[in-house]
Amino acid sequence: MWRTLRRQGVLGINRRNACYTLAANDRARFPLVDDKLETKRLCIEAGIPVPRLLAEARLHVEARGLPEALGNVESFVLKPARGAMGNGILVIHGDGKGGFLRGERLVSPEDLAYHAAGIISGLYSLAGHHDVALVEECLQTHLLMAPLSAGGVPDVRVIVYRGIPVMAMTRFPTERSGGRANLHQGAIGAGIDLASGRTLFAVHKNRPIVRHPDSDQPLVDVPIPEFERVLEIAVRATDRTGLGYIGADMVVDAVRGPVILELNARPGLAIQLANRAGLRPRLDAVDRVLGAPDTTWQQALPVAERVAMGQAFSSRSAA
């Protein structure tokens, strides 16, 4: 089987780690993407949209003050600054009486503070280290994607290699995923044609799927709003990191348009399943055009030109 996968250009985890995650990424720069506060700072400096920061708690005593500070906020997201895979994230809505709801379940102020304290203690951080509890604005699902969102907000992931976008997918929440857009928690992944900005295929729990299990809406040939802008922002944000192999996660907000959620130096490989295509032909195409790895590509080529190159590589690999 591995020979078949190799012929199809599928990138395996060992090769990803050895040839891209470690070879293209300077480990000294990992904190720029492992810490969401650092990523947010980089993007704000570059004028790239990010979710607004409503509050943060670095100490347990500060966690105890969050419920009172957030009592009048209509909705917000509580998350760890150094978390991964969607763990530790709570989407909270106000009940109109100063209380909090997660879905239809009431969350007491004590439970909210306790969860924030767990984040600070490192319960969800990458290495189990002390962390920061962030509270961000709750982004709103774009009208075109609303029928495919079950209790959550869909996001878009773009893999950017040496400053060129090479593959993308959107992740639709389901009731099974609890409104979260993480595939391992039950969300749907749909590959996106970089040239047209429309979904190509979809997978759910690693199996092909053509209609959303909750709404019965079709998942294929769905247009992603402002997709050219999505690709542009993904490239600009990854440029700020100086890292060569990155996954950029975004939400197309109903009001603000594409917004960077986070950057990931170790993006998963399921994006290949969602696209029914391997990453290696596109990564090899980038290396052939740019030559030996260096960092001068960021200054030498305009963002629009690099986006067009990625769209061309995508079309050739699909031919």
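Overview of the structure. (Residues numbered from 1 in each chain as written. Predicted model: local features only at pLDDT ≥ 70, side-chain atom pairs only at ≥ 80, totals over all residues. Heavy atoms only, no water.)

**Structural notes on the overall build of the protein**
- Looking only at helices and strands, the protein has twelve helices and 13 strands in total.
- Whereas a compact globule of 319 residues would reach a radius of gyration of roughly 20 Å, the protein reaches 19 Å, a difference of no more than 12%.
- For the protein, the C-alpha atoms occupy an extent of roughly 60 × 45 × 35 Å along the three principal directions.
- In the protein, 64% of the contacts between residues at least 6 apart in sequence involve partners at least 24 apart. (Helix = DSSP H or I, 4+ residues; strand = E, 2+ residues; numbered from the N terminus. Rg over C-alpha atoms; globule rule 2.2 N^0.38 Å. Contact = heavy atoms within 4.5 Å.)

**Examining the environment of Gln217**
- Counting through the fold element by element, Gln217 comes out in the loop between β11 (207–208) and α8 (227–241).
- Once the C-alpha coordinates of Gln217 and Ile13 are considered, the two residues, 204 residues apart in sequence, prove to be 33 Å apart.
- Residues contacting Gln217, with those up to four places away along its chain left out, are Pro147, Leu148, Val210, Arg211 and His212.

**Description of the sheet that holds strand β4 (residues 100–102)**
- Here six strands make up an open sheet; going across it, the order is β1-β6-β2-β3-β4-β5 and the pairing antiparallel. Lying at the two open borders of the sheet, with one neighbouring strand each, are β1 (53–57) and β5 (105–107). Each adjacent strand pair in this sheet contributes to an overall mean axis angle of 30°, direction not counted.
- Both β4 and β5 contribute to a ladder of three bridges, which runs antiparallel. The residue bridging Leu101 from the neighbouring strand is Leu106, located in β5.
- Those strands touched by helix α7 (residues 109–120) are β1, β2 (75–80), β3 (90–94), β4, β5 and β6 (133–137), and its axis lies near 35° from that of β2. (Pairing = 2+ DSSP bridges. Axes fitted to C-alpha atoms, helices over the stretch in contact; angles between N-to-C directions.)

**Quick word on the side chain of His142**
- Within the secondary structure layout, His142 lies in the loop between β6 and β7 (155–161).
- Look past the residues within four positions of His142 in its chain and what remains in contact with it is Pro225, Val252, Asp253 and Ala254.

**Some points on the packing of aromatic side chains**
- Enumeration according to the criterion identifies four aromatic pairs in this entry.
- A centroid spacing of 5.3 Å and a plane angle of 80° characterise the contact between Tyr20 and Tyr161, whose relative ring orientation is edge-to-face. Highlighted residues: Tyr20 in helix α2 (residues 13–21) and Tyr161 in strand β7, separated in sequence by 141 residues. Per residue, the accessibility class of Tyr20 equals that of Tyr161, and both read buried.
- Ring centres 6.3 Å apart and planes at 70° place the aromatic pair Tyr161 and Tyr245 in the edge-to-face group. With Tyr161 in strand β7 and Tyr245 in strand β12 (residues 245–253), the pair connects residues that are 84 residues apart, well separated along the chain. (Phe/Tyr/Trp six-rings, centres within 6.5 Å; stacked < 30°, edge-to-face > 60°. Buried < 20%, exposed > 50% of the residue type's maximum accessible area, 1.4 Å probe, protein only.)

**Focus: the pattern of salt bridges**
- Counted according to the given criterion, the structure contains 21 salt bridges.
- For Glu262, the salt bridge identified is with Lys36, shortest N-O distance 3.7 Å. Separated by 226 residues along the polypeptide, Glu262 in strand β13 (residues 257–264) and Lys36 in helix α4 (residues 36–45) bring together distant segments of the chain.
- One salt bridge connects Asp221 with Arg198, and the closest N-O pair in it is separated by 3.5 Å. Pair noted here: Asp221 is in the loop between β11 and α8 and Arg198 is in the loop between β9 (188–192) and β10 (199–204), with a separation of 23 residues, a long-range link.
- When its relative accessible area of 33% is taken as the criterion, Arg198 is described as partly exposed.
- Shared partners join several salt bridges into a network, and the residues in it are Glu38, Arg41, Glu45 and Arg240. (Salt bridge = Lys/Arg side-chain N within 4 Å of Asp/Glu carboxyl O.)

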